[in-house]
Amino acid sequence: MRLLGLGNISQVKPLPEEVAVELAADMLGEAVIFGMASLTLLFEYKRQQRKDLKKEDVQNQRLLGLEKQVTELTLEIDEQSTRLREICKILGREKLLQKDQTCSELPQTLVDSHSKTILLVQK
């Protein structure tokens, strides 16, 4: 009390019983209200936390699915590129490619050098 500058402690007068009961009832009521508010905040915090975790799980599952699709499509592109190179090798061996055509993509027309037949390639 000296640190607060209140001086020496004097005697405290006793409270009348009715005032003491009223103050205790007020404190108890406030404690109950504070407790209920605290529990409500805790409940809402936990509920929001569960909701955020569920949302994160959904996003993670979606991301994993997209990564899997990208991997599958990459493998499919590699496989198709290999097939395209094989087709170009075969066409080059059979001399069905025209001289100005490359094997970067399938040609639109194929020319048989023996019979001079022109074949159209459908995509």
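Read on for an overview of the structure. Throughout this document, residue positions are counted from 1 along each chain, in the order its sequence is written. Selection of residues for local features in this predicted model requires a pLDDT of at least 70, selection of side-chain atom pairs for listing and counting requires 80 or more, and totals for whole chains, interfaces and linings are taken over all residues. Hydrogens and water are ignored here; the side-chain numbers use all heavy atoms of the structure.

A word on the overall build of the protein chain
- Secondary structure elements are defined from DSSP: runs of H or I of at least 4 residues count as helices, runs of E of at least 2 residues count as strands, and each element is numbered from the N terminus. When helices and strands are tallied, the protein chain shows one helix and two strands.
- Element order for the protein chain, N to C, with α for helix and β for strand: α-β-β.
- The cut-offs for exposure are 20% and 50% of the maximum accessible area for each residue type, with area from a 1.4 Å probe on protein chains only; residues under the lower value are buried, those over the upper are exposed, and the others partly exposed. Each of the 123 residues in the protein chain was classed as buried or not, and the buried ones make up 6%.
- Counting contacts in the protein chain only where the partners sit at least 6 residues apart, residues at least 24 apart contribute 0% of the total. Residue contacts follow a heavy-atom distance rule, with two residues in contact if any of their heavy atoms lie within 4.5 Å.

Concerning the pattern of salt bridges
- A pair is scored as a salt bridge if a Lys or Arg side-chain nitrogen falls within 4 Å of a carboxyl oxygen belonging to Asp or Glu. Across all of its chains, the model carries two salt bridges by this definition.
- In this structure, Arg-47 and Glu-44 form a salt bridge, with 2.8 Å as the shortest nitrogen-oxygen distance. Of the two residues, Arg-47 and Glu-44 both sit in helix α1 (residues 17-93), three residues apart, roughly one turn of that helix.
- Among the residues examined, Arg-47 registers a relative accessible area of 36% and is labelled partly exposed.
- Between Glu-79 and Arg-83 there is a salt bridge, with its nearest N and O atoms 2.6 Å apart. Of this pair, Glu-79 and Arg-83 both sit in helix α1, four residues apart, which is roughly one turn of the helix.
- The exposure class of Glu-79 is partly exposed, given its relative accessible area of 43%.

Looking at a nonpolar patch on the surface
- Where nonpolar side chains cluster on the molecular surface, the patch consists of Leu-28, Val-32, Met-36, Leu-39, Leu-42 and Tyr-45 and spans about 650 Å² of accessible area.
- Tracing the chain through its elements places Leu-28 in helix α1.
- Take Leu-28: its relative accessible area is 58%, and that puts it in the exposed class. Residues forming no salt bridge and having over 30% relative accessible area are the ones grouped into patches, like charges within 9 Å of each other and nonpolar side chains (Val, Leu, Ile, Met, Phe, Trp, Tyr) within 5 Å. For the area figures, the Shrake-Rupley method with a 1.4 Å probe applies, and any residue is considered shielded solely by the protein chains shown.

Comments concerning a negative patch on the surface
- In this charge count, Lys and Arg are treated as positive and Asp and Glu as negative; neither His nor the chain ends contribute. Every charge is mapped onto a representative atom, which is NZ of Lys, CZ of Arg, CG of Asp or CD of Glu. Residues Glu-17, Glu-18, Glu-22, Asp-26 and Glu-30 make up a contiguous surface patch of negative charge.
- Among the residues examined, Asp-26 registers a relative accessible area of 44% and is labelled partly exposed.

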